[in-house]
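Here is what each chain is made of, one letter per residue.
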Amino acid sequence: MSRIQNAVIGSVRTAIGWTPESWLPGGTPDPLIGRNAAVGRQASRIDGPSKVAGKARFAAEVAMEGLTYAALVHSTATRGRIARLDTAAAEAAPGVVLVMTHRTMPRLAPLPPISVTDLGAVGNSHLPVMQDDRVRYNGQVVAAVLAETQEQADHAASLIEIDYAVEEARTSFEDAKRHARTPASILVEKNHLKIGDAGRELDRASHRVDAVYRTPPQNHNPIELHAVTLAWRGDELIIHDASQMIAASAGAFAKLFGLKKGKVRVLSPFVGGGFGAKGVWDHQIVAIAAARLAGRPVRLQLTREGVYRIVGGRSPSEQRVAIGADADGAFTALIHTGHSVMPTYGVCPEPYTNGARALYRAKSFEIVQRMLDLDVVPNTFMRAPGEAIGSFALESAIDELACAMGVDPIELRLKNLPEKHPTTGQAFSQHALRQAYEDGAARFGWERRTATPGARREGEWLVGMGCATGSFPYARMPGATIRLTLKRDGSAALACSAQEMGMGTATVQAQHAADRLGLPVEAVTFELGDSALPASPFAGGSSQTASIAGSVAAAAEKLASELLRLAGNDTPLAGLRAGEIRLVEGGVASISEPARRETYASILSRAGRDEITVTAAGSAPLELFKYAMHSTSAIFCEVRVSAVTGETRVDRMLGSFDCGVILNPKTAASQFRGGMIMGLGLALTEETLFDERTGRIMNPSLADYHVPVHLDVPEIDVMWTGVPDPRTPLGARGIGEIGIVGVGAAVANAVFNATGKRIRDLPITLDKLA
């Protein structure tokens, strides 16, 4: 076990008070697996009606008396310092309440940066926020204005005059490669992985491919802009935020502003899209400071351009993938190396080699990533960080190798599927990728694919099919705590500070709790989105559902013990111990003698109680360190490419997924399709245009940064194996990010099959095909 894994396990134990008896690796599977009650059924989102009716209030819609509105000023220089700063005109402008610069900003320490081993750390960089006159990237916040209206704030911000003493900035990707850093680790993985002599095996291989693949920077574009509405109430701070890390943010803001724990309350019941972007950035810190100085509530909503200026996105990458195979097609060498951008003040690497570590068997491996230090807004996690762009390179290379060998690309992939994790040797907890491929190929009609590129034509349109594999690791975070209240009337209420970004968190957990407690779904409520509730980890890494599910299971177990204690000796349950009972059909029953039971209402009534409340945290996720655990997919795509213009149209897509038990087919299908649509943007349209001459993003709007719209999205079919993972709560693994992984390569491979042109540089635009 690596030093990093030991550090993670240490943080897990510290976070939840782990003891050796609290977890039994490889223990009996969750008893709910296979029960087929509420879990596994179609269910509409509980919060759907309030959203459709416009009753759901997002961060920028919360009313506060005496509210002021904020506008930010962004640096137009890339590196240097502020030489002259004149705010007189802005301060004299109509409606202005406050102008804040580095001269008046309260002195603050930098936020603790996001860390796998510190679950309360939330900062996206090491940079101070408006603490000095230094400029570190183009777009950095250098001033803020509060006014009585948004229009007045925007106008006053335009009146601030700033001159810069400009210094030479590091903006060239190519130049930075000469000074690349090779960190010891990428998140929890050892960075430089070497098994055997991959270079020698590549040279000896009967068949080989060795190519470089490039992906551009990309920006986050959630429908809901980043926003806060907040107020100080004496020494207490109330923040309505658009956040996917509620509890951690509250703790971080308390530390940052010298407040006692519990004096900061973050509320975020609804988030209009996150994808990794809705963490802690400069705007929340600036708004909190401005509200304290002004003594007034503040609303700060970033403009779309403002999101591009101060909220990081996906790093650009340049990746080399080389694969060698013997005469039978077995991989003898797998090399995946490359460069991506992460400044020294950044904390979010782009782990694009993860798929190469986990997906295929090979005789030898060499995997290493190098980081480039540029003067740019610190990048952050973006849906399937690393895996989304890494799969483009790896899966394109496998398609190239299959074409060179004259074999079917699915056949080549299946031949090299591993029986155990190929680089760690760990056993898979569950692995049905072969079934996903076979089921998907049959449903998609893969047998109709023409192997010869460019052979199928319909008028001006060249038609082709492509496929690719996706992989994303399972994660269950420590620290999820649930409060469970069972009432005499047969209803139950659960609460924790979980995040709802449109994926149906409350809906799925209500289904789960109903089955766990033996109640109808309608009798269960789930409260979330408030840091005053028991703490939940951030929503990221496709981990939230499993993390909360583990805590619901722990709470139900604790509830059973408490009910048995309340029942006393005058009950059919007398003499039974906690491990001998279960919660079923509105009551407590003996496992071995189901007729020995008593209802919840009866137990509580005899005890003179209207309700009973327990609070519990899930067990330590040590399954992560005993087994290799990954959600996987087989992505299929059919495209048409105009022989006249090079226009690419995706006609249909299918995703076949192996993600354990699917808890709610309706919300899951939406998650899978959403990820695949985001993958279409990765493949065909999305690209942040960065001017290396100025260090400035040139297309900071949805008019110039192109995401897929309705007419770009074809028929998308999704299916899944449904094979339970016996090592996880409910037998389920995360699905939030696996949908995007592999889509870029599937599209690129289909384009090659249609045209014979191999595109190794995303996005696939007209100029690369015409």
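Here goes a summary of the coordinates provided. Since this is a predicted model, take the numbers as computed values, not measurements.

## Comments concerning the overall build of the chain
No. 1: Of regular secondary structure, the chain possesses 19 helices and 31 strands.
No. 2: On C-alpha atoms alone, the chain measures out to a radius of gyration of 27 Å, which is about the 27 Å that the 2.2 N^0.38 rule sets for 770 residues.
No. 3: Along the first, second and third principal axes, the C-alpha atoms of the chain reach 80 × 75 × 50 Å.
No. 4: By residue count, 60% of the 770 residues in the chain fall in the buried class.
No. 5: If you take every contact in the chain between residues at least 6 apart in sequence, the share linking residues at least 24 apart comes to 81%.
No. 6: Approximately 29,200 Å² of the chain is accessible, and the part contributed by carbon and sulfur atoms is 51%.
No. 7: Between the centroid of the 80 positive side chains of the chain and the centroid of its 81 negative side chains there is a distance of 3 Å.

## Considerations on the packing of aromatic side chains
No. 1: In this structure the tally under the stated criterion is ten aromatic pairs.
No. 2: Where Tyr-308 meets Tyr-705, the ring centres are 5.7 Å apart and the plane angle is 75°; that geometry is what we call edge-to-face. Taken as a pair, Tyr-308 in helix H9 (residues 304-310) and Tyr-705 in the loop between strand S30 (696-697) and strand S31 (715-720) lie far apart in primary sequence, 397 residues in all.
No. 3: Pairing Phe-672 with Trp-720 gives two aromatic rings, centres 5.9 Å apart and planes at 40°, and the pair type is tilted. Highlighted residues: Phe-672 in helix H18 (residues 665-684) and Trp-720 in strand S31, separated in sequence by 48 residues.
No. 4: Using a relative accessible area of 28% as the deciding quantity, one classes Trp-720 as partly exposed.

## Re the pattern of salt bridges
No. 1: Per the stated rule, a full pass over the model turns up 43 salt bridges.
No. 2: In this structure, the salt-bridge partner of Arg-84 is Asp-163, at a minimum N-O distance of 2.7 Å. With Arg-84 in strand S2 (residues 80-86) and Asp-163 in strand S6 (residues 161-166), this residue pair connects regions lying 79 residues apart in the sequence.
No. 3: Looking at Asp-163, the relative accessible area reads 36%, which means it is partly exposed.
No. 4: Here Lys-263 makes a salt bridge to Glu-236, at a shortest N to O gap of 3.6 Å.

## Observations regarding H18
No. 1: Between its terminal C-alpha atoms H18 stretches 28 Å, which fits the 28 Å expected from 20 residues at 1.5 Å a residue.
No. 2: With 15 of 20 residues buried, H18 is to be regarded as a mostly interior element.
No. 3: Capping the start of H18 is the job of one residue whose side-chain oxygen sits 3.0 Å from the backbone nitrogen of Lys-666: Asn-664.

## Re the sheet that holds S2
No. 1: Taken together, the three strands give an open sheet; going across it, the order is S4-S2-S6, and neighbouring strands pair in antiparallel fashion. Whereas interior strands pair on both sides, the edge strands pair on one side only; in this sheet they are strand S4 (134-135) and S6.
No. 2: Pairing of S2 with S4, which is carried by two bridges, proceeds in the antiparallel orientation. Along S4, the bridge assignment pairs Gly-80 with Val-135.

## Some details on the sheet that holds strand S28 (residues 648-658)
Strand pairing in a sheet is mediated by backbone hydrogen bonds. Such pairs are either parallel or antiparallel.
No. 1: Reading across from one edge, S18-S19-S27-S28-S31 is the order of the five strands in this open sheet, with mixed pairing throughout. What marks the edges here is a single partner per strand, and that holds for strand S18 (457-458) and S31.
No. 2: Across 13 bridges, the pairing between strand S19 (residues 461-473) and strand S27 (residues 630-642) is antiparallel. Across the sheet, the residue bridging to Ala-468 is Ile-635, located in S27.
No. 3: Contacts from helix H13 (residues 433-444) reach S19, S27, S28 and S31 within the one sheet, and its direction differs from that of S28 by about 140°.

## Let's talk about the packing of helix H14 (residues 505-517) against helix H15 (residues 544-567)
No. 1: Running from amino to carboxyl end, H14 crosses H15 at an angle of 30°, the nearest separation of the two axes being 10 Å. Classed by the angle they form, the pair H14 and H15 counts as roughly parallel. As H14 runs across H15, the sense of the crossing is right-handed. On the side of H14, the interface is formed by Thr-505, Val-508, Gln-509, His-512, Ala-513, Arg-516 and Leu-517, while H15 contributes Gln-544, Thr-545, Ile-548, Ala-549, Val-552, Ala-553, Ala-556 and Leu-559.
No. 2: In the contact of H14 with H15, the residues fall into nine nonpolar, five polar and one charged.

## Some thoughts on the pairing of strand S16 (residues 331-341)
Side-chain positions along a regular strand alternate between the two faces of the sheet.
No. 1: Of all eleven residues that make up S16, eleven are buried, and the element is covered over most of its length.
No. 2: For strand S15 (residues 317-325) and S16, the ladder comprises nine bridges, and the chain directions are antiparallel. Bridge assignment links Val-321 to a residue of S16, and that residue is His-336.
No. 3: The hairpin turn running from S15 into S16, its antiparallel successor, is five residues long, and Gly-329 in that turn takes a positive phi close to 95°.

Rules used in this analysis
- As a convention, each chain's residues are numbered from 1 in the sequence order in which they are written.
- Reporting in this predicted model follows two pLDDT cut-offs: at least 70 for local features of residues, and 80 or more for side-chain atom pairs to be given and counted; totals over whole chains, interfaces and linings ignore these cut-offs and use all residues.
- Side-chain calculation: all heavy atoms of the structure are included, whereas hydrogens and water are not.
- In this description a helix means any DSSP run of H or I spanning at least four residues, a strand means any run of E spanning at least two, and both kinds are numbered starting from the N terminus.
- Note on method: radius of gyration uses C-alpha positions; expected globular size equals 2.2 Å times residues raised to 0.38.
- Working definition: with a 1.4 Å probe on protein chains only, accessible area under 20% of the residue-type maximum means buried, over 50% means exposed, and in between means partly exposed.
- Here, two residues are considered to be in contact whenever any of their heavy atoms come within 4.5 Å of each other.
- Only the protein chains shown count as cover for residues, and the accessible areas themselves come from Shrake-Rupley with a 1.4 Å probe.
- Charged residues are defined narrowly, with Lys and Arg counted positive, Asp and Glu counted negative, and His plus the chain ends left uncounted.
- Throughout, a charge is located at the NZ atom of Lys, the CZ atom of Arg, the CG atom of Asp or the CD atom of Glu.
- Note on ring pairs: Phe, Tyr and Trp rings are taken, using the six-membered ring of Trp, and paired if centres are within 6.5 Å. Classes follow the plane angle, with under 30 degrees stacked, over 60 edge-to-face and the rest tilted.
- Each reported salt bridge corresponds to a side-chain nitrogen of Lys or Arg within 4 Å of a carboxyl oxygen of Asp or Glu.
- A helix is expected to span 1.5 Å for every residue after the first.
- What qualifies as a polar contact is a pair of N or O atoms within 3.5 Å, subject to a donor-acceptor requirement within protein and to the restriction that residues adjacent in sequence count only when both atoms come from side chains.
- At least two bridges found by DSSP between two strands are what make those strands a pair.
- The convention used is that axes are lines fitted to C-alpha atoms, helices contributing only their stretch in contact, and that angles between N-to-C directions extend from 0 to 180 degrees.
- Note on angle classes: values under 35 degrees are labelled roughly parallel, values over 145 roughly antiparallel, values of 65 to 115 roughly perpendicular, and the remainder oblique.
- Handedness of a crossing follows from how the near helix is turned relative to the far one, being left-handed for an anticlockwise turn of less than a right angle and right-handed for a clockwise one.
- Asp, Glu, Lys and Arg are counted as charged, while Ala, Val, Leu, Ile, Met, Phe, Trp, Tyr, Cys and Pro are counted as nonpolar; the rest, among them Gly, fall into the polar class.

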